[in-house]
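The primary structure of each chain is shown beneath.
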Amino acid sequence: MKPATSLPRDFYSRPTLQVAQQLLGTRLNRILDGVRLAGIIIETEAYIGEDDLGCHAKAGKTKRTVIMYGPPGHAYVYFTYGMHWMLNTVTEREGFPAAVLIRAMEPVIGINIITARRNGRDTAGPAKLTNGLGIDGCLNGVDLCDTETGLWIEEGFPVSVKDIITSPRVGLENVPEPWKSKPWRFRCSPSGFLTKEENLRR
DNA sequence: AGCACGATGCTCT
DNA sequence: GAGCATCGTGCTT
């Protein structure tokens, strides 16, 4: 097996909307109990700066948001609804709080383990994905550019711009306009990455 | 197939 | 004390 190569920090130190779209088709990797699990990222959302009232950073630098103010390429993992963990990648320059929420993936390595962790259910959903890969607060702040952390992202399948579906972010019911309707959610077809054979098998 | 609701605890006001 | 970048269940159509 060829050595794991994580996406470089330069990948993340760009405008968040660009990073959010380019993360589609990449492979999210996780070493859990010594076993490698991975999935292709198929949905993301951008959260950009203190002015974005849908972004946690609207409250400024707090204990929770401090990671978003740090260098790009790190994981911002937070807890919500009393039971769910969310995985984000920090973007842009250090000092500017922004991140991309990873919202859905298609399992490709360790599928049986991931599926078992999900009790047979899917991994299309931000909390479903972290549950399937065993991602929690212990990983908040880890460097995604370092494969030694057991959590990293590498190149996957190319996704052309025309295959990206753009829509408003979800779950922001009480966020004021224009932020509530910003088209900062990006999706691509889950089956587009798989071979014909793999598609037939499902 | 779609919608309403309860779970459950941390973060910020 | 209110609200939350959600999920699974159970009930209705």
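Fair warning: this is a prediction, and the values are worked out from it, not measured in the lab. (Residues numbered from 1 in each chain as written. Chains lettered and ligands numbered in written order. Predicted model: local features only at pLDDT ≥ 70, side-chain atom pairs only at ≥ 80, totals over all residues. Heavy atoms only, no water.)

A.B. asks: Is there a simple way to think about the overall build of chain A in this case?
C.D. replies: Helix and strand counts for chain A come out as 5 helices and 8 strands. Walking chain A from its N terminus toward its C terminus, one meets helices and strands in the order α-α-β-β-β-β-β-α-α-β-β-β-α. Taking 202 residues into account, the globule formula puts the C-alpha radius of gyration at 17 Å, and chain A, at 16 Å, falls close to it. Considered along the principal axes of its C-alpha atoms, chain A spans approximately 45 × 35 × 35 Å. (Helix = DSSP H or I, 4+ residues; strand = E, 2+ residues; numbered from the N terminus. Rg over C-alpha atoms; globule rule 2.2 N^0.38 Å.)

A.B. asks: Quick question: what am I supposed to make of the nonpolar core here?
C.D. replies: A general feature of soluble globular proteins is that nonpolar side chains tend to end up buried together. In this structure, Y12, L23, L28, L87, L151 and I153 are the most contacted members of the largest nonpolar core, which totals 50 residues. With residues near it in sequence (within four places) discarded, Y12 still touches L7, V19, L23, P72, G73, T89, V90, T91, E92, L144, C145 and I153. (Core = buried A, V, L, I, M, F, W, Y, C linked by side-chain atoms within 4.5 Å. Buried < 20%, exposed > 50% of the residue type's maximum accessible area, 1.4 Å probe, protein only. Contact = heavy atoms within 4.5 Å.)

A.B. asks: Is there a simple way to explain the environment of F157 in this structure?
C.D. replies: Here F157 lies in the loop between β6 (151–154) and β7 (165–167). Here the alpha-carbon distance between F157 and G54, two residues 103 residues apart in the chain, equals 30 Å.

A.B. asks: Would you mind going over a nonpolar patch on the surface with me for this structure?
C.D. replies: A contiguous nonpolar surface patch, about 390 Å² in accessible area, is contributed by F79, Y81 and M83. Here Y81 is to be found in the loop between β3 (75–80) and β4 (84–90). (Patch = residues over 30% accessible without salt bridge, like charges linked within 9 Å, V, L, I, M, F, W, Y side chains within 5 Å. Areas by Shrake-Rupley, 256 points an atom, 1.4 Å probe, with all protein chains shown as cover. Salt bridge = Lys/Arg side-chain N within 4 Å of Asp/Glu carboxyl O.)

A.B. asks: Got a minute to help me understand the protein's contact with DNA strand C in this structure?
C.D. replies: The local shell around DNA strand C holds 21 residues, among which H56, H84, N88, R118 and N174 are the closest. Of everything in DNA strand C that lies within 4 Å of the protein, sugar and phosphate atoms constitute 60%. Take H84: an N or O atom from its side chain is 2.8 Å from a base oxygen of DNA strand C. Note that a base nitrogen of DNA strand C is positioned 2.6 Å from one of the side-chain N or O atoms of N88. Contributions of two or more residues to the surface near DNA strand C are made by β3, β4, β5 (98–109) and α4 (126–133). Residue classes in the surface near DNA strand C are distributed as 9 nonpolar, 8 polar and 4 charged. (Near = heavy atom within 4 Å. Polar contact = N/O pair within 3.5 Å; in protein donor to acceptor, adjacent residues only side chain to side chain. Nonpolar A, V, L, I, M, F, W, Y, C, P; charged D, E, K, R; others polar.)

A.B. asks: Just to check I follow, could you spell out the protein's contact with DNA strand B for this structure?
C.D. replies: Around DNA strand B, a shell composed of T62, R64, F79, Y81, G82 and M83 is seen. Across the atoms of DNA strand B situated within 4 Å of the protein, the share located in sugar and phosphate is 59%. Contact distances for DNA strand B include 2.4 Å between a base oxygen and a backbone N or O atom of Y81. Along the lines of polarity and charge, the residues of the surface near DNA strand B split into 3 nonpolar, 2 polar and 1 charged.

A.B. asks: Can you walk me through the pattern of salt bridges in this structure?
C.D. replies: Pairing between side chains of opposite charge can happen when the charged atoms of each approach one another. Overall, the coordinates contain 10 salt bridges when judged by the stated rule. Here D52 makes a salt bridge to R169, at a shortest N to O gap of 2.8 Å. Taken together, the residues D52 in the loop between β2 (35–48) and β3 and R169 in the loop between β7 and β8 (185–187) connect sequence positions 117 residues apart. When its relative accessible area of 0% is taken as the criterion, D52 is described as buried. Its salt-bridge partner being K128, residue D122 comes within 3.3 Å of it at the nearest N-O pair. Judged by relative accessible area, D122 falls into the partly exposed class, the value being 41%. Since its relative accessible area comes to 31%, K128 is described here as partly exposed. Overlapping salt bridges bring together E43, E45, R103 and R185 as one network.

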